[in-house]
Amino acid sequence: MAGDTDVGSTATALFAAERWRQLADLPLRGGASEADADELNTRLSEGFSEGPWRRWASASDIGAALHAVGSVLANNERNAEAHGVFLSAEDAGADCDLALGDSFVIRGDWAAALPRLRRVVGARSSQWEVAAFRLAQHAREVENRTDDEVVELASVAFEEVPFAVVFVGDLLRRRGETDRARALLESHLDTNDHVPFELGVHLYEVFGDVDGAKAAFLQAYERGDFRGAYNLGCLASDVDDDQIEAVEWFRRAADAGDSMARVELVRRGAAAREDDVDGQPAWVTSFYPVDLAPWILAESEPDSSRPPLFVVDDDKPFPTAGQLGAAGRAKLRIHLHPTKRGLDLTTFAAAIPDLQDLTIEKGARITGLAALLEARSLTDLNVRILGKEPLDLSALPSLRSASVTGANVLSVCRNPHVEWLGLGLPRASQLPVIEAPVRTLIMTAKHSAAVLERMVQPHLLESLTLYSARDLDLDVLRRFANLRKLELNWCNGVVNAAALADLTELRELELYRCRNVDDVRAVKAAQSRTSGGDDGGTVAGPFLLFEYGEDDEGLFDLSTGDGGWEGLAEGFADRVLSYNGYDMEKLVVAIAKDAGLWSRDVERDSEAEALHLIFRGRESPVAIAKAAWRILQDAEQLEKALRAARLVRK
């Protein structure tokens, strides 16, 4: 066997040691046979890199050999290492435009990828069709284009990139050309294994053709795509109501490796829940490399609303750079939270380009933040440490969602790609200019209004959430003509509430524990408008309270007219509007005390907190409401309550 030859054994050892330059030199020094290449493909690449290994064996110069090694690494999904090897190959004279263009796309750096891809297409170099498809991907995914030029770019790649057929079908569907999309998919049905499943989805979702969809899903399954079996199970269950057949299809999908089908069988009692493996749910070890399991925190069953985390903390040894990179490539959300041992990100430099979702928890001892400048695939970043290391977050090309506290808020506000932005601004001296095209902004800052004045693209903002703002002049909101959601929490000194009436696109309005609101009636009117005229959605007092529904935690619905409030809420709310939130806290506390409904068990540091706890009960709110309603209708008793609360009637 070739693996037992000097070349095969040496190549295997160099590959394991990640000594890529020496691996590339090997066939140039001693020669390597096609048999060596085939054995290495089986041993090191699971049979997926026959071409690259043969090109390695036959390479006549170091540039070609390095290019082949880079291709092997790329096929093995070791993208960061492949990128470095391709750069070395280019330095040695190899044409790496396509390889590096592809690599930059994987890293999310379209700016670096596009010139290379365009050169390949312009020169009609080898595999230029692949480059054309990448340009089509950029046009659709980044520029949101579906025009004829994009269709033509992708169409030339049908032979080199089989998935391009599905891609063009999706483009046509987006354009409303559903018949043309169907015809395209059907014309490639017999020759392209990517097509049957997508055709089944198209037939079912667009045309309601259940029989056609079943036939396509069956073809998909028979040609190795287990998603076809899973969808056949769903159709049997939901359309035919044949639960026996559904279980059979789910079982076939599960046997082929579909973890969601396995979950469905467990849910139906048709399979036992697999035992945990080393403390991890069995599905985790089937989804992710086994060596990542110690750091993965996951639900007992797959849950799209709570995806797994890759947690690095003090409870376990730190992962290697290779393991951290593998977690990034697996699209795991990385959470760094070592509080006792320091973690220097520069020691993980090889993994940084593969990270896509990173959170640095509050209190984490993290240094070397400059390493994040190489995080070109990073789309989601949450930095909860104040930190003093300057970092230019505006340079991250793939960043779309960022939540930052401390020194680096200024640079993230300049990132031209960020659309979801969270800011923690502890000092009034930090007044960032938000140049990013932000659509959702969540901000904790006393000086929020000043920051909102400095937004460069106010027309893009659709959702705004503020915490702990002081002297908040809502007149600034008139800048945001397309604002659809507004949430204010723990804000004090809210003035010019009448500006809410000018937010014509506003659909959601929430205020929680906001004190000293100058015009509660304006808030009430805006809430009524956003709730479609349902005036019972808000009770503006004892503070602006938005805790709806008597649920498992005992939250009481203040707006229920014929429920627990027994018809008292509407009238009570009307009288409440005569007072601001802070006054109503004191007044209702006085009423509760006068009615003997106050208990030391619920008293806290402030009356507001005590009242908050009362309204979380299931019985006391009704009793207080009844007592308050009686007093609010009796002038003499009301004056007594006002004096007790040390208030003057407004």
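Residues numbered from 1 in each chain as written. Predicted model: local features only at pLDDT ≥ 70, side-chain atom pairs only at ≥ 80, totals over all residues. Heavy atoms only, no water.

A. Inspection of the overall build of the chain at higher detail. A tally of regular secondary structure across the chain gives 27 helices and 18 strands. The 650 residues of the chain split such that 50% are buried. On the chain, roughly 30300 Å² of surface is accessible, and the fraction owed to carbon and sulfur atoms is 47%. (Helix = DSSP H or I, 4+ residues; strand = E, 2+ residues; numbered from the N terminus. Buried < 20%, exposed > 50% of the residue type's maximum accessible area, 1.4 Å probe, protein only. Areas by Shrake-Rupley, 256 points an atom, 1.4 Å probe, with all protein chains shown as cover.)

B. Representation of the packing of aromatic side chains. This model, assessed by the stated rule, comprises eight aromatic pairs. Look at Phe-15 and Trp-20: their rings are 5.3 Å apart centre to centre, the planes differ by 75°, and that puts the pair in the edge-to-face class. A single burial state applies to Phe-15 and to Trp-20, both of which are buried. Ring centres of Trp-295 and Phe-310 lie 5.8 Å apart, and the angle between their planes is 35°; on these two criteria the pair is classed as tilted. (Phe/Tyr/Trp six-rings, centres within 6.5 Å; stacked < 30°, edge-to-face > 60°.)

C. Geometry of the sheet that holds strand β10 (residues 440-444). Spatial strand order, β1-β2-β3-β5-β7-β8-β9-β10-β11-β13-β15: 11 strands in an open sheet with mixed pairing. Of all strands in the sheet, those bounded by a partner on one side alone are β1 (296-297) and β15 (508-512). Bridge count for strand β9 (residues 420-424) against β10 is five bridges, and the pairing is parallel. Pairing of Trp-420 across the sheet is with Thr-440, part of β10. (Pairing = 2+ DSSP bridges.)

D. Highlighting the confidence of the model for the chain. For the chain, per-residue confidence averages 81 on the pLDDT scale, and residues scoring 70 or more make up 80% of the total. For residues 534-581, every residue scores under 50 in pLDDT, and the model assigns this stretch 120 contacts once sequence neighbours within four places are set aside. In the predicted structure, residues 600-621 sits below a pLDDT of 50 and forms 49 contacts with residues beyond four places in sequence or in another chain. (pLDDT = per-residue confidence, 0-100. Contact = heavy atoms within 4.5 Å.)

E. Spotlight on the pairing of strand β8 (residues 401-405). Bridge count for strand β7 (residues 380-383) against β8 is four bridges, and the pairing is parallel. For Asp-380, the partnering residue across the bridge sits in β8 and is Ser-401. Where β8 lies against β9, five bridges are found, and the strand directions are parallel. Bridge pairing in β9 links Thr-405 to Gly-424.

F. Examining the nonpolar core more closely. Ranked by size, the top nonpolar core spans 86 residues in total, and within it Phe-15, Leu-23, Trp-53, Trp-56, Val-69, Leu-117 and Val-168 carry the most contacts. For this core, the element with the most residues is helix α9 (residues 128-141), which contributes eight residues. Once residues within four sequence positions are removed from consideration, Val-69 is found in contact with Trp-20, Leu-23, Ala-24, Trp-56 and Val-85. One finds Trp-283, Val-312, Leu-421 and Leu-472 within the second-largest nonpolar core, a separate group that totals 82 residues. (Core = buried A, V, L, I, M, F, W, Y, C linked by side-chain atoms within 4.5 Å.)

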